[in-house]
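Structural features, examined
Listed here are the chains, written in short residue letters.
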Amino acid sequence: MAVSTIHDITDANRDGTPDNFTFHIALSMLGLVLIALGTGGIKPCVAAFGGDQFQEHQSRQLNTFFSVFYLCINARSLLSTLITPVLRAQECGIHTQQQCYPLAFGVPAALMVVSLVVFISGSGMYIKTDPEGNIMWSVCKCIGFAIKNRFRHRSSRYPKREHWMDWADEKYDKLLIAQIKMVLKVLFLYIPLPMFWTLFDQKGSRWTLQATTMSGDFGAFILQPDQMQTVNPILILTLVPIMDRLIFPLIQKCGLNFSPLKRMTVGMLFAAMAFVAAALVQIEIDKTLPNFPSSSESQLKVVNINNKTLNSNRTSLRYLFLYSSADYMTLDHQNITVSLNTNPVITKAFSLIKGGRQTLIIPSNPTLMYLVTLYYLFCSFLKVGCEYYFILTLNPCLLESCCLTAVLLVSHLRRDFVLRHGEQWCEFSQKFGFGASYTFLIPSTVFSTDSKTEVEDMKPNSVHMALQIPQYFLTTTGEVMFSVTGLQFSYSQAPKKQAGWLCTNAVGNIIVLIVAELGKLPKQWAEYVLFASLLVAVSIIFSIMAYFYTYIDPAEIAAQIRKEQGLEPEEKEKETLEIEEKDEGQKNDQEVKQTKI
């Protein structure tokens with residue numbers, strides 16, 4: 001990924017643009033494939049591997065591990081969200097200086113190598129279980145054999161079996177069959193869970209897009225829309241210890257049975273409330289957004305610097321001064337004729353574009369009136385912490401006609417400009433608003449009078465990003481209850497396999513694409529309400545499924561099967577371990593209670 005972003009590799013003419021985009025795209029795709037393969041190797045194993053380091057009697061320490069594990073994940077999320085944009089904002093390059101994406105990808109790659117070395121260096125201290133081969137293939141074959149065998153013995157003369165997987169015991173080990181039963185039982189419970197991730201993962205997409213229409217000026221600092229996501233890991237680092245050490249123990253002391261599945265249900269409801277909060281914020285944003293024309297309409301704004309009345313064949317307009325001009329007018333026709341009450345009267349015909357905004361500028365020399373088509377550029381994801389000093393070179397003929405000479409992206413609230421023409425020059429400072437669009441009309445007398453005319457084509461964002469904090473708080477609370485608990489539940493109820501839990505996340509992302517494509521709702525707030533409603537419905541279904549779920553102990557079931565198969569040594573070893581645990585637990589009443597549980 002880092003190498004794919006180095007433009008200089010194929011930039012033979014040194015213009016800052018790669019000459020062979022195929023090469024860079026191919027490298028990017030290769031990088032994404034490698035990331036997918038690496039993620040597939042790490043994520044299903046890392047939580048289970050950590051859980052393997054604890055003995056059966058260390059249930060409290062095991063739960064603490066999963067909380068700390070989740071804290072570590074969000075600590076790196078916080079650091080990457082803060083540091084990566086800063087690295088990206090640096091300028092680097094051999095021939096042309098551009099945003100340094102190679103550094104933004106290269107630093108994490110180097111840190112990953114360091115982490116790998118550290119992880120391997122502790123290899124001797126780890127408890128390692130022997131590899132079991134391709135467990136997925138064994139499971140699939142066992143399930144396939146059970147289905148086939150059940151179909152062959154579908155006649156009523158064959159006695160029924162307790163579970164349909166029991167039809168595989170003629171060929172496969174009873175322990176494998178029992179483990180498959182556990183997995184299938186948990187996977188059935190996972191069916192509604194992807195809906196949570198459908199909502200949760202939108203904080204990195206739709207919520208970030210929502211932030212681009214908001215103001216990130218916090219006074220002491222300016223927050224970029226993509227940096228608003230740092231609120232989530234900050235809240236995670238705060239809420240996980242509070243939940244683990246205060247809230248959950250307090251609920252338990254109150255005598256309430258707040259089981260893992262109940263926690264997950266409450267977490268889903270919190271995520272739904274977060275999207276209701278996002279919908280309320282979106283309604284406030286919509287009140288401030290400009291009303292753009294449809295594909296069959298045109299919008300026109302008149303800037304009349306000339307002190308004369310302007311008339312049109314469509315409507316009467318009076319703009320004696322720039323600052324008294326109204327907002328854009330929406331027209332359902334494209335051809336207009338305007339006339340200026342001069343001596344003689346000046347008349348001109350214009351053809352407007354459909355679905356766009358245009359400004360009719362009437363300078364001090366009315367014979368030079370013209371239309372300007374405005375292209376709105378949003379600078380939400382640009383560089384942070386860099387100062388710029390623009391030099392605009394103006395053509396003499398453009399100076400006389402007051403024409404727009406440059407389109408600039410501005411990433412700071414205040415910028416300094418220098419206007420230069422030959423030996424003449426002047427400078428001015430201007431404050432901008434996030435999301436706004438401005439037009440500056442610079443007359444030929446600017447160097448002597450230092451006068452300029454400012455037109456605000458689009459008003460700045462007025463809704464503050466701080467209004468997103470409640471929805472981040474709600475979704476993070478839901479995440480702590482749902483995700484951390486889900487990791488613990490998956491490990492405790494299935495034979496140490498985490499891949500199924502991770503699949504719920506992947507399916508959730510697919511649901512986002514399907515719902516967003518089929519929904520086609522005209523308003524963003526309506527889509528937020530739709531997702532919240534779907535999650536509430538799913539959480540009700542999940543709560544009903546959880547009510548009928550019976551918790552199991554995979555280790556106890558495995559030990560019972562081994563005993564039935566005559567594997568006494570392991571059973572005796574287990575009994576010896578339990579005796580040792582009980583003796584040790586007499587030193588501490590709390591440990592005795594946990595051992596009995």
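It should be emphasised that the depicted structure is a prediction, and the values quoted were computed from it without experimental measurement.

**Remarks on the overall build of the protein chain**
For the protein chain, the helix and strand inventory stands at 17 helices and 15 strands. Within the protein chain, the fraction of its 597 residues that count as buried is 40%. Put simply, 68% of the contacts in the protein chain that link residues at least 6 apart link residues at least 24 apart. Carbon and sulfur atoms make up 62% of the accessible area of the protein chain, which amounts to about 33500 Å² in all.

**Remarks on the pairing of strand β3 (residues 298-304)**
The buried fraction of β3 is high, at seven of seven residues. Taking every second residue as pointing to the same face, both faces of β3 are buried, with S298, L300, V302 and N304 on one and Q299, K301 and V303 on the other. As judged from the three bridges shared by β3 and strand β6 (residues 329-331), these two strands associate in the antiparallel manner. Following the sheet pairing, L300 is matched in β6 by M329.

**Brief notes about the environment of N74**
Along the polypeptide, N74 turns up in helix α2 (residues 59-89). Taking the C-alpha atoms as reference points, N74 and L235, 161 residues apart in sequence, are found 9.2 Å from one another. Setting aside residues up to four positions removed in sequence, N74 forms contacts with N232, P233, I236 and E479.

**Let's talk about a positive patch on the surface**
On the surface, K141, K148, R152 and K171 cluster together to form a positively charged patch. Along the chain, the position of K171 falls in the loop between α4 (135-152) and α5 (174-190). Overall, K171 belongs to the exposed group, its relative accessible area being 57%.

**Quick notes on a nonpolar patch on the surface**
A surface patch of nonpolar side chains, about 650 Å² in accessible area, is lined by L269, V536, I540, I544, Y547 and F548. Looking at which element gives the most residues to the nonpolar patch, the answer is helix α14 (residues 524-547), with four residues. Mapped onto the fold, F548 is located in the loop between α14 and α15 (554-564).

**Digging into the side chain of Q210**
Here Q210 lies in helix α7 (residues 206-211). In terms of polar contacts, Q210 uses its side chain to reach the side chain of Q468, at 2.7 Å. Among the polar contacts made by the side chain of Q210, one reaches the side chain of Q471 at a distance of 3.2 Å. Leave out the neighbours within four places in its chain, and Q210 touches A278, V281, Q282, I285, Q468, Q471 and Y528.

**Here we look at the packing of α5 against helix α12 (residues 469-493)**
Between α5 and α12, the least distance of the axes is 10 Å, while the angle of their chain directions is 155 degrees. In this view, α5 runs roughly antiparallel relative to α12, as classed from their interaxial angle. Facing M182, V186, L189 and Y190 of α5, the residues of α12 in contact are F489, S490 and Q493. Taken together, the residues that form the contact of α5 with α12 break down as five nonpolar, two polar and no charged.

**Remarks on the nonpolar core**
Counting 62 residues, the largest nonpolar core has F196, L261, M268 and L535 as the members making the most contacts within it. Here the element with the most residues in this core is helix α9 (residues 260-288); it accounts for 12 residues. Contact partners of F196, with chain neighbours within four places excluded, come to G267, M268, A271, G478, E479, F482 and L535. Grouped together as the second largest cluster of nonpolar side chains are 14 residues, L300, L310, L352 and M369 included.

**Points about the pattern of salt bridges**
Here the structure, examined in full by the defined rule, presents four salt bridges. D166 serves as the salt-bridge partner of K181, at 2.5 Å between the closest nitrogen and oxygen. On the criterion of sequence distance, the pair formed by K181 in helix α5 and D166 in the loop between α4 and α5 is long-range, its members being 15 residues apart. The salt bridge partner of K287 is E284, with a shortest N-O separation of 3.2 Å. Of the two residues, K287 and E284 both sit in helix α9, three residues apart, roughly one turn of that helix.

**Some points on the state of the cysteines**
The tally for this structure, following the rule as stated, stands at one disulfide. Disulfide pairing is shown between C92 and C100; the S-S distance is 2.1 Å. Here the S-S torsion is close to 105 degrees, and the disulfide linking C92 with C100 is therefore right-handed. What makes C92 partly exposed here is its relative accessible area of 23%. Looking at C100, the relative accessible area reads 6%, which means it is buried.

**Considering the confidence of the model for the protein chain**
Model confidence for the protein chain is summarised by a mean pLDDT of 76, while 81% of its residues fall at 70 or above. Mean pLDDT across the secondary structure elements of the protein chain bottoms out at strand β11 (residues 389-393), with 34, and peaks at α9, with 93. Here residues 316-324 is modelled with pLDDT under 50, and outside its nearest four sequence neighbours on either side it reaches 23 contacts, counting other chains as well. Confidence drops under pLDDT 50 across residues 590-597; counting only partners more than four residues distant or on other chains, this segment forms five contacts.

**With respect to helix α8 (residues 231-253)**
Over its 23 residues, α8 runs 31 Å from end to end, which matches the ideal 33 Å to within 8%, given 1.5 Å per residue. The sharpest bend along α8 reaches about 50 degrees and sits at M243. The complete set of buried residues in α8 reads V231, N232, P233, L235, I236, L239, V240, M243 and F248. Residues of α8 that are buried make contact with α2, α6 (194-200), α9 and α12. Once α8 finishes, G255 follows within two positions and takes phi at roughly 85 degrees, a positive value.

**A short note on the packing of aromatic side chains**
Enumeration over the complete set of coordinates arrives at 17 aromatic pairs. Centre to centre, the rings of W197 and F200 are 5.6 Å apart; their planes meet at 85 degrees, and the pair counts as edge-to-face. Note that W197 and F200 are positioned in helix α6 at a spacing of three residues, about one turn of the helix. F200 shares its class with W197; the two are buried. With a centroid separation of 5.6 Å and 80 degrees between ring planes, the pair formed by F275 and Y528 is classed as edge-to-face. One end of the pair, F275, is in helix α9; the other, Y528, is in helix α14, and 253 residues separate them in sequence.

Thresholds, definitions, all that
- Residues numbered from 1 in each chain as written.
- Predicted model: local features only at pLDDT ≥ 70, side-chain atom pairs only at ≥ 80, totals over all residues.
- Heavy atoms only, no water.
- Helix = DSSP H or I, 4+ residues; strand = E, 2+ residues; numbered from the N terminus.
- Buried < 20%, exposed > 50% of the residue type's maximum accessible area, 1.4 Å probe, protein only.
- Contact = heavy atoms within 4.5 Å.
- Areas by Shrake-Rupley, 256 points an atom, 1.4 Å probe, with all protein chains shown as cover.
- Pairing = 2+ DSSP bridges.
- Patch = residues over 30% accessible without salt bridge, like charges linked within 9 Å, V, L, I, M, F, W, Y side chains within 5 Å.
- Salt bridge = Lys/Arg side-chain N within 4 Å of Asp/Glu carboxyl O.
- Lys, Arg positive; Asp, Glu negative; His and termini not counted.
- Charge placed at Lys NZ, Arg CZ, Asp CG, Glu CD.
- Polar contact = N/O pair within 3.5 Å; in protein donor to acceptor, adjacent residues only side chain to side chain.
- Axes fitted to C-alpha atoms, helices over the stretch in contact; angles between N-to-C directions.
- Parallel < 35°, antiparallel > 145°, perpendicular 65-115°, else oblique.
- Nonpolar A, V, L, I, M, F, W, Y, C, P; charged D, E, K, R; others polar.
- Core = buried A, V, L, I, M, F, W, Y, C linked by side-chain atoms within 4.5 Å.
- Disulfide = S-S within 2.5 Å.
- pLDDT = per-residue confidence, 0-100.
- Expected span 1.5 Å × (residues − 1).
- Bend = angle between axes of the 7 residues up to and from the residue.
- Phe/Tyr/Trp six-rings, centres within 6.5 Å; stacked < 30°, edge-to-face > 60°.

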